Amino acid sequence: MPALRDIESAAAVHRIDDAVLRRRARHVVTENARVLTIAEKLRNGADPREIGPILTAAHESLRDDFEVSTPALDAAVSAARDAGAHGARMVGGGFGGNVIALVDRDDTASVADAVRDRFARSGFEAPRTFVVVPGAVRTASFDQLSNFCA
């Protein structure tokens, strides 16, 4: 079998007998497809809001197929979406990472408030929220990355 990155359809993972491994492989294959879709949309000048549902689908896959989400992360994603975020997903380390939500500038405060409120009602520790704005993408050469990682 080729590497998971070489599989173009999640249907190809049906041959994996172990149910857990099949779900993990499905997540990897569908996540690769989501990344390519987002890159294509952004390169072609699509409205960035269009990637919101893809972010949410990624979170659902991390939660259901890869099983690395937590109740707090799920609550943050749900609260952000309920408050008007175009999409949200966990990022970083599973089992307690972070959530990124795609939100219109005018809605950032209300979405952050909704997440804090959901956490308070759920008995979770108050989250820290940060507003970030995307910037230009910079690329680095392999040599630059090698030097950075050394």
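Predicted model only: the values in this text are computed from it and were never measured.

1. Remarks on the overall build of the chain
For the chain, the count of helices and strands is five helices and two strands. Ordering the α and β elements of the chain from the N terminus gives α-α-α-β-β-α-α. Going through the 150 residues of the chain one by one, you find that 26% of them count as buried. Taking as baseline every contact in the chain between residues at least 6 positions apart, the subset at least 24 positions apart corresponds to 49%.

2. What about the packing of aromatic side chains?
If you walk through the whole model with that rule in mind, you get one aromatic pair. Summarising the aromatic geometry, the rings of F119 and F124 are spaced 5.3 Å apart at their centres and angled 65° between planes, so their arrangement reads as edge-to-face. Above the ring of F66, the side-chain terminus of R24 is found at 5.9 Å from the ring centroid.

3. Some words on the environment of A58
Along the chain, the position of A58 falls in helix α2 (residues 52-64). Using a relative accessible area of 1% as the deciding quantity, one classes A58 as buried. Sequence-wise, A58 and M90 are 32 residues apart; in three dimensions their C-alpha atoms are separated by 8.3 Å. Setting aside chain neighbours within four positions, we find A58 in contact with H27, E31, R34 and R89.

4. Things to note about the pairing of strand β1 (residues 87-91)
The buried fraction of β1 is high, at four of five residues. With five bridges joining them, β1 and strand β2 (residues 98-102) adopt antiparallel strand pairing. Note that in β2 the partner of G87 across the bridge is L102.

5. What about the packing of helix α3 (residues 71-82) against helix α4 (residues 108-122)?
α4 packs onto α3 with a crossing angle of 140° between their chain directions and a minimal axis gap of 8 Å. For the element pair α3 / α4, the angle class is oblique. Like other packed secondary-structure pairs, α3 and α4 cross with a definite hand, here right-handed. Where α3 approaches α4, its residues A72, A75, A76, S78, A79, A80 and D82 are matched on the opposing element by V111, A114, V115, R118 and F119. Partitioned by chemical class, the residues of the contact of α3 with α4 number nine nonpolar, one polar and two charged.

6. Considering α4
In a regular helix each residue adds 1.5 Å, so 15 residues correspond to 21 Å; α4 covers 21 Å between its end C-alpha atoms and thus fits that length. Here the buried face of α4 lies against α3. Just downstream of α4, G123 is the residue with a positive phi angle, here 80°.

7. Describing the side chain of S61
Topologically, S61 is positioned in helix α2. Assessed through its relative accessible area of 7%, S61 is described here as buried. Excluding its chain neighbours within four sequence positions, the residues that come into contact with S61 are H27, T30, R34 and F66.

8. A word on α2
The end-to-end C-alpha distance of α2 is 18 Å, a good match for the 18 Å that 13 residues give at a rise of 1.5 Å each. Every buried residue of α2 is listed here: G52, I54, L55, T56, A58, H59, S61 and L62. The inward-facing, buried residues of α2 abut α1 (19-43), α3, β1 and β2.

Conventions adopted
- Residues numbered from 1 in each chain as written.
- Predicted model: local features only at pLDDT ≥ 70, side-chain atom pairs only at ≥ 80, totals over all residues.
- Heavy atoms only, no water.
- Helix = DSSP H or I, 4+ residues; strand = E, 2+ residues; numbered from the N terminus.
- Buried < 20%, exposed > 50% of the residue type's maximum accessible area, 1.4 Å probe, protein only.
- Contact = heavy atoms within 4.5 Å.
- Phe/Tyr/Trp six-rings, centres within 6.5 Å; stacked < 30°, edge-to-face > 60°.
- Lys NZ or Arg CZ within 6 Å of the ring centre and 35° of its normal.
- Pairing = 2+ DSSP bridges.
- Axes fitted to C-alpha atoms, helices over the stretch in contact; angles between N-to-C directions.
- Parallel < 35°, antiparallel > 145°, perpendicular 65-115°, else oblique.
- Left-handed = near helix turned anticlockwise from the far one by under 90°.
- Nonpolar A, V, L, I, M, F, W, Y, C, P; charged D, E, K, R; others polar.
- Expected span 1.5 Å × (residues − 1).

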